[in-house]
Amino acid sequence: MADHDTRTSAWPRSFRHRRVHSLPGLADLARIALRGGWTRRDLSEAHLLAVQRVHLLPVGPGEVALTWLGHASWLVRTATHAILIDPVLSPTIPGVRPRLTPPGLEIDELPTTDAVLISHDHVDHLDWPTVTCLDRRTTVIVPAKLGRGFRRRGFRQVRELDWWQHTVLDGLTLTCLPAAHWSGRTPWGLWRTLWASWLLTTGAGQHIYHAGDTASAAHFAAIGARYPGIDVALLPVGGYGPRFFQRTAHVDPVEAVRACADLGATRMALMHWATFVLSDEPLLEPRTLSIREWRRAGRPAGDLWAMAVGETRTLSAASTRALTPAATQVPVRGPAHAPGSASLQPHATPSNSGARLAWPGQEVAS
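Report on the accompanying structure. Everything numeric here is computed off the predicted structure, so don't read it as measured data. (Residues numbered from 1 in each chain as written. Predicted model: local features only at pLDDT ≥ 70, side-chain atom pairs only at ≥ 80, totals over all residues. Heavy atoms only, no water.)

**Let's talk about the environment of Trp191**
Line of reasoning, step 1. One can find Trp191 in the loop between β8 (172-177) and β9 (197-201).
Line of reasoning, step 2. Taking relative accessible area as the criterion, Trp191 reaches 6% and is therefore assigned buried.
Line of reasoning, step 3. Along the backbone, Trp191 and His17 are 174 residues apart, and their C-alpha atoms lie at a distance of 8.8 Å.
Line of reasoning, step 4. For Trp191, the contacting residues outside a window of four places in its chain are Ser14, Phe15, Arg16, Arg19, Leu23, His181, Trp182 and Ser183. (Helix = DSSP H or I, 4+ residues; strand = E, 2+ residues; numbered from the N terminus. Buried < 20%, exposed > 50% of the residue type's maximum accessible area, 1.4 Å probe, protein only. Contact = heavy atoms within 4.5 Å.)

Structure follows, in structure tokens:
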């Protein structure tokens, strides 16, 4: 399996030219300062955020199981593979209040992982304490120029991709796709590495799209046109308030439902909410507004996956079904929670029945 270090010299020093929207300006920062910040202070609804902690069940041939670990973190399993996407399982991340809900799985509960996909380097998507707990033989697949930190930490198989490139891992096809966001963990580190969304195609032909972090832009329609038949789109619905400040970074629920339509995706799964306090919308509003907009769009209620943290849904060739095993609840090793919020308890919650984009594709040899 090749280490795709050879393309690094061909990538630009900065990916600033890939941006779709400008970052908030001085006037926006001043307006935020007058408001007293951009994150929500009232966390009294935190105890209502649903958490479902059950043991993972085996995945049958031709099926793919998706487990929401919280925020933008997912475990995707087939009968033979397990893929982690943006795993952030730490109780805290830099500059953010402690997580509101425990992760869907703890590190020691994860199955053997074949690959890790990372969308970009922001702390709520790339968590080094979580990553360094993983087996160094795990294949790491990242956007361009993001592999250095993984190699420095001893990962042996690191693949770096540009937008519209794909790589194959034992029958799974992983495609790096555009997103309307940016990179940089510090003000002086902006744009140095690429940010991306991902399309995972299983050997049985299911297509799972993970949007990463993104604002609304034309890339959704471009992806849908190029990759028709997406079975489920994992789309962010939180982190959108106040809108004047967040609109260039994150979609809101209305835009997420529209993005699902632009992608041509059959189903939409909600993510990027119910975990970290990154914005000022009410804690339950992302789910409520997503359900409202989905109904308003006339989409089937069962095709909207408003999942509990830790919940698993399964795609098969013929249908989608929720895994609702009568398994013993796994005790939550409770994380710290923000002062003043209600203590968190595990819940067994039933499923809700409810320009710059046209680069040629190129396969990276595995």
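**Remarks on the nonpolar core**
Line of reasoning, step 1. Counting 71 residues, the largest nonpolar core has Leu66, Trp74, Ile83, Tyr209, Leu235, Leu263 and Met268 as the members making the most contacts within it.
Line of reasoning, step 2. Residues Ala82, Leu126, Val140 and Val142 belong to the second largest nonpolar core, which totals 19 residues. (Core = buried A, V, L, I, M, F, W, Y, C linked by side-chain atoms within 4.5 Å.)

**A closer look at empty space enclosed by the protein**
Line of reasoning, step 1. For the largest cavity, the calculated volume is near 140 Å³.
Line of reasoning, step 2. For the largest cavity, the lining is made up of 16 residues, of which Ala274, Phe276, Ser279, Glu281 and Leu283 are closest to its centre. (1 Å grid on protein atoms, 1.4 Å probe; cavity = no way out; pocket = protein on both sides within 12 Å on 5 of 7 lines; lining within 4 Å. Points joined across faces, edges and corners; volume = space filled by probe spheres on them.)

**Focus on the pairing of strand β6 (residues 157-161)**
Line of reasoning, step 1. Within β6, four of the five residues are buried, which leaves the element mostly enclosed by the surrounding structure.
Line of reasoning, step 2. The pairing of strand β5 (residues 139-143) with β6 spans five bridges and is parallel. Its bridge partner being in β6, Thr139 is matched across the sheet by Gln157. (Pairing = 2+ DSSP bridges.)

**Focus on the packing of helix α4 (residues 219-226) against helix α6 (residues 253-263)**
Line of reasoning, step 1. In contact at an axis separation of 7 Å, α4 and α6 are set at 30° when each is read in the N-to-C sense. Classified by the interaxial angle, the pair formed by α4 and α6 is roughly parallel. Contacts between α4 and α6 involve Phe220, Ala221, Ile223 and Gly224 on the former and, on the latter, Ala259, Asp262 and Leu263.
Line of reasoning, step 2. Class assignment of the residues belonging to the contact of α4 with α6 gives a composition of five nonpolar, one polar and one charged. (Axes fitted to C-alpha atoms, helices over the stretch in contact; angles between N-to-C directions. Parallel < 35°, antiparallel > 145°, perpendicular 65-115°, else oblique. Nonpolar A, V, L, I, M, F, W, Y, C, P; charged D, E, K, R; others polar.)

**Section: the environment of Trp305**
Line of reasoning, step 1. Along the chain, Trp305 falls in strand β13 (residues 304-305).
Line of reasoning, step 2. On the accessibility criterion, Trp305 (0% relative accessible area) is buried.
Line of reasoning, step 3. Here the alpha-carbon distance between Trp305 and Ile291, two residues 14 residues apart in the chain, equals 9.4 Å.

**Some points on the packing of α6 against helix α7 (residues 285-296)**
Helix-helix packing is described using two parameters, namely the angle between the two axes and the distance between the axes.
Line of reasoning, step 1. In contact at an axis separation of 8 Å, α6 and α7 are set at 45° when each is read in the N-to-C sense. Overall, the two elements α6 and α7 adopt an arrangement that is oblique. The element α6 and its partner α7 pack so that their crossing is right-handed. Contacts between α6 and α7 involve Pro253, Val254, Val257 and Cys260 from the first element and Pro286, Leu289, Ser290, Glu293 and Trp294 from the second.
Line of reasoning, step 2. Across the contact of α6 with α7, the residue classes break down as seven nonpolar, one polar and one charged. (Left-handed = near helix turned anticlockwise from the far one by under 90°.)

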